[in-house]
Amino acid sequence: MPQQAVPAGGPTVRDVLLAKGYLRLLLLSAALGIPVSLIAFAFVSLEHELQHWVWESLPVTAGFDRAPWWWGLPALLLAGLLLAPIVTRVPGHGGHIPVDGLGGPPTPPVALPGVVLAALACLPLGAVLGPEGPLMAMGSGLALLAVRSFRQAERPRLAPVLGAAGSAAAISTIFGSPLVAGVMMIEAAGLGGPRLMALILPSLVASGIGALVFTGFGHWTGLSIGALSLPSVPPEGVPDSGDFLWGLPFAAAVTVVCVCGQLLGRRVKAYVTGDPQGPASRPATRQTAVRTVVCSVAVGACITAYALLTGRSPEEAALSGQLTLGSLAADPGAWPIGALLALTLCKAAGWGIALGSMRGGPIFPAALIGAALGVACGPLPGFGVASGLAAGIAAAAAAVTRLPVTSVILAAELIGQDARNAMPLLIVAAVTASVVGALVRALARRRSTDAAVAPPSAPAAR
């Protein structure tokens, strides 16, 4: 058979791999993964220790068995007061607003201190956000520092590739696997062919080195980094017709909840910044600072509402949801359906407000929202708790990230040894979430456009 002709002007994969300097780029990516992972490890360990102190050690020291129902109000008030001067005065304004996406554009090195300070002001004090957004920003910013240090800034294509590699190294273990980080870069880049190969190999090298460094330092120091993982899950059988019969409408329902949370976040962003389309780097005002504090207190009110409605700890509705997701998967029978529904609604509301006003990542809380709704729907005839948990995580991740393949792999990593049986259900849930999410967003955009172009109503005739 004759070889297929190569399109004129387009390099082949072989050309990319053998290009001058590409091997050096891979070695640089591997070297970059070490310092980025060490810094990310220190950041996540510090954030985890502060979170433990605020929500567990401090309440016990104050004489409580656990955090009381009102604990979220002063904690989130303090978070807003700490965040307000960062978003108004510090270069970079604390990083991108999480409702705008997962990692945002590459972070300039001058903005790195603001990213770290904003994350440490929000995450340990109870912001309903995860650490993945700040970690990706830190990784890309440190990569740009490396570009400058190696005097390669004159090569414009090097910066985005190393930025992606730095982000992959920073988040490789917080998602439980370097494979999740690598696949995320593939889907998020939207590339194909040689361009995909040029981007993904440095990202995989850096994320693999990053995972190794994370694992080694975790065992050596004994510190917990709070990676998204499930120590145990309900046993999963082979999905049957009932799982798929319930899985489709269930995935659609999870998607509607998550997309509505994101739409709430966009409205909150417009309220805080005064510009629904404006970036986080737009000139901030005193009004922005005041509204940031107001929104932080509103997040605390959602957490408090959950504690009052259920009589349970407010910590379950606060924070990223990593620990709550683990306890939910380990013993779903200990959660009444009313508490699960209250957790879904209160956490989704707090998450939506935090998406538009605070700093962090969107994926971790969404995974808990999907899992909680899945366990609540588990008693439906023919469905099951294990199927609801798995489908909820996959659907929520796909609805938020709009990356279905990444979402399936992330859910499979969390489920562990039962992932092979659950894989068909995970795929159906992720695809359903992607389609329904696109439809809901299109409907919301259409309604916004119609409202914007509608003529003002005529005055009533006298």
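Participant: Looking at this structure, how should I read the overall build of the protein?
Facilitator: Secondary structure assignment for the protein yields 16 helices and 0 strands. When burial is assessed residue by residue, the protein has 53% of its 462 residues classed as buried. Contacts in the protein between residues at least 24 apart in sequence constitute 80% of all its contacts with a sequence separation of at least 6. Summed over all atoms, the accessible surface of the protein reaches about 20,300 Å², with 67% contributed by carbon and sulfur.

Participant: Just to check I follow, could you spell out the state of the cysteines for this structure?
Facilitator: Tallying each qualifying case throughout the model produces 0 disulfides. Lacking any disulfide linkage, C260 is separated from the closest cysteine sulfur, that of C258, by 9.4 Å. Classification of C260 by relative accessible area gives partly exposed; the value is 41%.

Participant: Just checking my understanding: could you explain the packing of aromatic side chains for this structure?
Facilitator: Both the distance between ring centres and the angle between the ring planes are used here to describe each pair of aromatic rings. Counted according to the given criterion, the structure contains 3 aromatic pairs. Note on F64 and W70: the rings are 5.9 Å apart at their centroids and 80° apart in plane angle, and the pair reads as edge-to-face. Under the relative-accessibility criterion, F64 is labelled partly exposed at 30%. Taking relative accessible area as the criterion, W70 reaches 32% and is therefore assigned partly exposed. The residue whose ring lies beneath R312 is W335, and the NZ or CZ to ring-centre distance is 4.1 Å.

Participant: Got a minute to help me understand helix α14 (residues 385-401) in this structure?
Facilitator: With 17 residues, α14 should reach 24 Å at 1.5 Å per residue; the first-to-last C-alpha distance of 24 Å fits that figure. When you tally the buried positions in α14, you get 16 out of 17 residues, the bulk of the element. Directly beyond the C-terminal end of α14, a positive phi value near 60° is found at R402.

Participant: What is the right way to look at the environment of T406 in this model?
Facilitator: Of note, T406 is situated in helix α15 (residues 404-415). With a relative accessible area of 4%, T406 lands in the buried category. In the structure, T406 is positioned 223 residues away from V183 in sequence and 5.8 Å away in space, judged by C-alpha atoms.

Participant: Honestly, the side chain of R359 in this entry has me stumped. Any pointers?
Facilitator: Looking at the element boundaries, R359 is found in the loop between α12 (337-357) and α13 (363-377). This buried residue, R359, is left without a salt bridge; D100 holds the nearest opposite charge, at 8.3 Å. At a separation of 3.2 Å, a polar atom in the side chain of R359 contacts the main-chain carbonyl oxygen of H93. Here the side chain of R359 touches G95 through a polar contact of 3.2 Å, landing on its backbone oxygen.

About the thresholds
Residues numbered from 1 in each chain as written. Predicted model: local features only at pLDDT ≥ 70, side-chain atom pairs only at ≥ 80, totals over all residues. Heavy atoms only, no water. Helix = DSSP H or I, 4+ residues; strand = E, 2+ residues; numbered from the N terminus. Buried < 20%, exposed > 50% of the residue type's maximum accessible area, 1.4 Å probe, protein only. Contact = heavy atoms within 4.5 Å. Areas by Shrake-Rupley, 256 points an atom, 1.4 Å probe, with all protein chains shown as cover. Disulfide = S-S within 2.5 Å. Phe/Tyr/Trp six-rings, centres within 6.5 Å; stacked < 30°, edge-to-face > 60°. Lys NZ or Arg CZ within 6 Å of the ring centre and 35° of its normal. Expected span 1.5 Å × (residues − 1). Lys, Arg positive; Asp, Glu negative; His and termini not counted. Salt bridge = Lys/Arg side-chain N within 4 Å of Asp/Glu carboxyl O. Polar contact = N/O pair within 3.5 Å; in protein donor to acceptor, adjacent residues only side chain to side chain.

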